[in-house]
Amino acid sequence: MSTPSKDVYLVIGGSGFLGRHVVEALLARGDSVAVFDIVQRYHDVPFYSGDISEEEQVSDALRKSGATCIIHTASPLHGLDDPALYWKVNVDGTQAVINAAVANSVPKLVYTSSAGVVFDGSDLIDVDERIPQLEKAMDPYNESKAKAEQIVLAANGKGGLYTVALRPAGIFGPGDRQFLAGLFQAWQRGQSHIQVGDNTNLFDWTYVGNCAYAHLLAADKLGPVTPEDLARMKENLKVALPS
Ligand code: NAD
């Protein structure tokens, strides 16, 4: 984690839980980083106020920050009763980020997707990134995340832009405003003796620092696929890939 990369980063959603940890991980290894968000919570890096569904606002931040890599973690929180907002921010907004990246010759985009794009409520054991998206998502949030992931991956290699999408499941750690608050409310309601299921339920949690680190690793690896990459992928996946 100690060697800075040559990239200049714009962390979209960098005022949020995961986004802030991405910013801190970049700062820790000496990278140049700015934040784009609708709210400002920190004042230690350049901040651009804006909404990702406004392409010109994203473009403006890209020009001013000189970013060469976008890490896009922005989304409305899960659990809102507002399908239109999810679509506007996650689908139209992500498309606007891609358009702005291509228009400003930004070569790298890392997108935070969600395990919800493959999770239908039943256990997923020993699956990896090859598992396809669900035909029908569980709710409008996950539907919008799935569509956003599709358009991010479809943009890969086009207009000089390389893209990757990561699918975290539950993220925990300092700064979380979602899960811990819910647990605390359950405890306040005296619901500490309730068990859901028969104690065989599985759920995958990742520490936020590890999730942030995964975003840096993904950004570091983004770029045209080399013959060596292809050979390694063939070996790892044990499937036939085009040469
Ligand atoms: P968060 O709410 O803490 O952070 C999201 C940030 O995005 C906030 O700072 C918010 O102001 C910003 N934002 C929202 N709408 C915006 C817009 N229109 N334009 C610009 N900025 C906007 O959420 P988080 O938990 O840090 O989640 C980060 C990402 O990880 C999201 O994409 C989420 O879907 C994904 N994710 C989170 C979890 C989890 O357990 N927290 C699990 C899987 C995936």
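What counts, and where the lines are drawn
Residues numbered from 1 in each chain as written. Predicted model: local features only at pLDDT ≥ 70, side-chain atom pairs only at ≥ 80, totals over all residues. Heavy atoms only, no water. Helix = DSSP H or I, 4+ residues; strand = E, 2+ residues; numbered from the N terminus. Rg over C-alpha atoms; globule rule 2.2 N^0.38 Å. Contact = heavy atoms within 4.5 Å. Lys, Arg positive; Asp, Glu negative; His and termini not counted. Charge placed at Lys NZ, Arg CZ, Asp CG, Glu CD. Near = heavy atom within 4 Å. Polar contact = N/O pair within 3.5 Å; in protein donor to acceptor, adjacent residues only side chain to side chain. Areas by Shrake-Rupley, 256 points an atom, 1.4 Å probe, with all protein chains shown as cover. Nonpolar A, V, L, I, M, F, W, Y, C, P; charged D, E, K, R; others polar. Core = buried A, V, L, I, M, F, W, Y, C linked by side-chain atoms within 4.5 Å. Buried < 20%, exposed > 50% of the residue type's maximum accessible area, 1.4 Å probe, protein only. Phe/Tyr/Trp six-rings, centres within 6.5 Å; stacked < 30°, edge-to-face > 60°. Lys NZ or Arg CZ within 6 Å of the ring centre and 35° of its normal.

Before going further, it helps to spend a moment on the overall build of the protein. Of the regular secondary structure elements, the protein holds seven helices and eight strands. A globule of 243 residues ought to have a C-alpha radius of gyration of about 18 Å, and the protein, at 19 Å, matches this closely. Summarising its shape, the C-alpha atoms of the protein cover approximately 55 × 50 × 40 Å along the three principal directions. Summarising the internal contacts of the protein: among those between residues at least 6 apart in sequence, 70% fall at separations of at least 24. Of the side-chain charges in the protein, 20 are positive and 29 negative, and the distance between the mean point of each set is 5 Å.

All right, on to unusual backbone geometry then. Even without being glycine, Ser105 reaches a positive phi, approximately 55 degrees. Within the fold, Ser105 resides in the loop between helix 3 (83-103) and strand 5 (108-112). The backbone phi angle of Asp126 is positive, close to 60 degrees, even though this residue is not glycine. You can see Asp126 is positioned in the loop between strand 5 and helix 4 (140-154).

All right, on to the site of the ligand then. Contacts to the ligand come from 29 residues, most closely from Leu18, Asp37, Tyr141, Lys145 and Ala169. Contact distances for the ligand include 2.8 Å between an oxygen atom and a backbone N or O atom of Leu18. Between the ligand and Asp51 there is a distance of 2.9 Å, counted from a nitrogen atom to a side-chain nitrogen or oxygen. Taken by itself the ligand offers 830 Å² of open surface, and the protein chains cover 93% of this. Tallied by class, the residues present in the shell around the ligand amount to 13 nonpolar, 11 polar and five charged.

One finds Leu10, Ile12, Phe36, Ile52, Val58, Leu62 and Ile70 to be the most contacted residues of the largest nonpolar core, which totals 26 residues. Among the secondary structure elements, those contributing two or more residues to this core are strand 1 (8-12), strand 2 (32-37), helix 2 (55-65), helix 3, strand 5 and helix 4. It is helix 3 that provides the largest number of residues to this core, a total of five residues. Ignoring sequence-local partners within four residues, the contact set of Phe36 consists of Leu10, Val11, Ile12, Gly13, Gly14, Tyr48, Gly50, Asp51, Ile52, Gln57, Val58 and Ala61. Tyr9, Leu18, Leu166 and Leu216 belong to the second-largest nonpolar core, a separate cluster that totals 23 residues.

Next up on the list: the packing of aromatic side chains. One pass over the structure, following the stated rule, counts six aromatic pairs. With 6.5 Å between their ring centres and 80 degrees between their planes, Phe119 and Phe203 make a pair best called edge-to-face. You can see Phe119 sitting in the loop between strand 5 and helix 4 and its partner Phe203 sitting in the loop between helix 5 (179-188) and strand 8 (205-207), a full 84 residues away along the chain. Of the residues examined, Phe119 reaches a relative accessible area of 26% and is grouped as partly exposed. Residue Phe203 is classed as partly exposed on the basis of its relative accessible area of 49%. With 4.8 Å between their ring centres and 85 degrees between their planes, Phe179 and Trp205 make a pair best called edge-to-face. Here the residue Phe179 occupies a position in helix 5, and Trp205 occupies one in strand 8, the gap between them amounting to 26 residues. The exposure class of Phe179 is partly exposed, given its relative accessible area of 36%. The structure contains a cluster of three or more aromatic residues connected by ring pairs, namely Phe119, Phe179, Phe203 and Trp205. Against the face of Tyr42 rests Arg20, its NZ or CZ located 4.1 Å from the ring centre.

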